[in-house]
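Inside the fold
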Amino acid sequence: RKKFTLGMTVFMCLLGLPMITRGGIYVFQLMDFYAASGLSLLWCVFFQTIAICWVFGAKKFYLCIEEMIGYRVSMYWYVCWVFLAPAFMVFIFVFYFVRYSPITMGAYHYPAWGEVLGFAISLSSMLWVPGYAIYYLLSTKGSWSEVLRQGVTPVIKPRMEAVMAEEKARLTCQDVRDVEMNIEADLSDDSCDSYDSKRCLGEDL
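Computed from a predicted structure; not experimentally measured. Just so you know, the residues in each chain are numbered from 1, in the order the chain's sequence is written. A pLDDT threshold of at least 70 governs which residues receive local features in this predicted model, and a stricter bar of 80 or more applies before side-chain atom pairs are shown or counted, although totals over entire chains, interfaces and linings include all residues. With hydrogens and water stripped out, all remaining heavy atoms of the structure feed into the side-chain values.

**As for the confidence of the model for the protein**
- Across the chain, each position has a pLDDT score giving the predictor's confidence in that residue, from 0 to 100. Per-residue confidence for the protein averages 80 on the pLDDT scale, and 81% of its residues sit at or above 70.
- Ranking the elements of the protein by mean pLDDT puts helix H8 (residues 160-204) last with 61 and helix H1 (residues 2-16) first with 90.
- Contact definition: two residues touch when any of their heavy atoms are within 4.5 Å. Contacts from residues 195-205, a stretch scored under 50 in pLDDT, to residues over four places away or in other chains number zero contacts. Put simply, DSSP marks the helices as runs of H or I at least four residues long and the strands as runs of E at least two long, and each gets a number from the N terminus on.

**Structural notes on the nonpolar core**
- Only buried residues count toward a nonpolar core. Its members are Ala, Val, Leu, Ile, Met, Phe, Trp, Tyr and Cys residues joined through side-chain atoms within 4.5 Å. Only protein chains enter the calculation, and the probe is 1.4 Å; a residue is then buried if its accessible area is under 20% of its type maximum, exposed if over 50%, and partly exposed in between. Core analysis: the largest hydrophobic core is formed by eight residues, namely Cys 53, Ala 58, Tyr 62, Ile 65, Val 73, Tyr 78, Trp 81 and Val 82.
- Breaking this core down by element, the ones donating at least two residues are helix H3 (39-69) and helix H4 (75-98).
- The dominant element in this core, judged by the number of residues it contributes, is H3, at four residues.
- Residues within four places of Trp 81 in sequence aside, it is in contact with Thr 49, Cys 53, Phe 61, Tyr 62, Ile 65, Val 73 and Pro 86.
- Core analysis: the next-biggest nonpolar cluster, separate from the first, contains seven residues, Leu 30, Tyr 34, Tyr 96 and Tyr 110 among them.

**Observations regarding the packing of aromatic side chains**
- Only rings of Phe, Tyr and Trp enter the pairing, Trp through its six-membered ring, and a pair is recorded when the two centres are within 6.5 Å. The plane angle decides the type: under 30 degrees is stacked, over 60 is edge-to-face, the rest tilted. Across all of its chains, the model carries 20 aromatic pairs by this definition.
- Judged by centre distance (4.9 Å) and plane angle (75 degrees), the ring pair of Phe 33 and Tyr 34 falls under edge-to-face.
- On the basis of an interplanar angle of 70 degrees and a centroid distance of 4.9 Å, the ring pair of Phe 61 and Trp 81 is categorised as edge-to-face. In this pair, Phe 61 is assigned in helix H3 and Trp 81 in helix H4, connecting sequence segments 20 residues apart.
- Following the ring pairs from residue to residue traces out a cluster consisting of Phe 33, Tyr 34, Trp 43, Phe 46, Phe 47, Phe 93, Tyr 96, Phe 97, Tyr 100 and Phe 119.
- The aromatic ring of Phe 56 is capped on one face by Lys 60, whose charged end is 5.9 Å from the ring centroid. Charge-over-ring contacts are defined here by two conditions on Lys NZ or Arg CZ: a distance within 6 Å of the ring centre and an angle within 35 degrees of the ring normal.

**Quick word on the side chain of Ser 122**
- Here Ser 122 is to be found in helix H5 (residues 112-126).
- What makes Ser 122 buried here is its relative accessible area of 2%.
- When residues no more than four places from it in sequence are discounted, the contact partners of Ser 122 are Tyr 34, Ala 35 and Ser 40.

**Focus: the packing of H5 against helix H6 (residues 128-139)**
- Here H5 crosses H6 at 40 degrees, and the two axes come no closer than 6 Å. When the axis of H5 is compared with that of H6, the two are oblique. Residues Ser 124, Ser 125 and Met 126 of H5 pack against Trp 128, Val 129 and Pro 130 of H6.
- Amino acids outside the nonpolar list (Ala, Val, Leu, Ile, Met, Phe, Trp, Tyr, Cys, Pro) and the charged list (Asp, Glu, Lys, Arg) are all regarded as polar, and Gly is one of them. A class-by-class count of the residues in the contact of H5 with H6 yields four nonpolar, two polar and no charged. Every axis in this analysis is a line fitted to C-alpha atoms, fitted for helices over the stretch in contact. Angles between the N-to-C directions lie between 0 and 180 degrees. Here roughly perpendicular refers to angles of 65 to 115 degrees, roughly parallel to angles under 35, roughly antiparallel to angles over 145, and oblique to all remaining angles.

**Things to note about helix H2 (residues 24-36)**
- Residues of H2 that are buried include every one of Gly 24, Leu 30 and Tyr 34, and no others. Within H2, the buried residues cover an arc of 125 degrees as seen down the axis, which keeps them to one side.
- Elements that come into contact with the buried residues of H2 comprise H3, H4 and H5. What the arc describes is the spread of directions from the helix axis to the C-beta atoms.

Structural data, given as structure tokens:
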């Protein structure tokens, strides 16, 4: 892990060096237009939303959030996750190509190879989503329907720490409920004892 981290740090540093040159702002604009704030980010977020809300299940996700924060969020968020967010992302993605105009930097118009380089930067992160899907379909044994069903079936293995924490929380809640029941029982007994004492005192009189 240390060697990998060191290698990635050096690699990212080398990629950033051209941006501090005199023409670095043009390289930065190219990266920002096609990678950081372009359709590659929208593409990845769209498939993340589909994977969580349509494959894992929005209802499960809704219950997970409730378990994490302790209360149910508004159903507005459920509707956003399932319908509104994917619809808006598809609209923005289509609108991007309909209203596409070549990248410029002030009065400077990037050459054709600059646009090709920009799209190549975008595709370097976008192609991994369909690429892995194709690899999974070709490398997994079984019929197409079986492989597809297996691929969209979430397999969640909770960490042992999470299981222990959940069990501890459950036992704590059970102990609290037991204490509350004992307190209620004691109060009920005290009330009965007080009533019996008054009744006996009235009979004596």
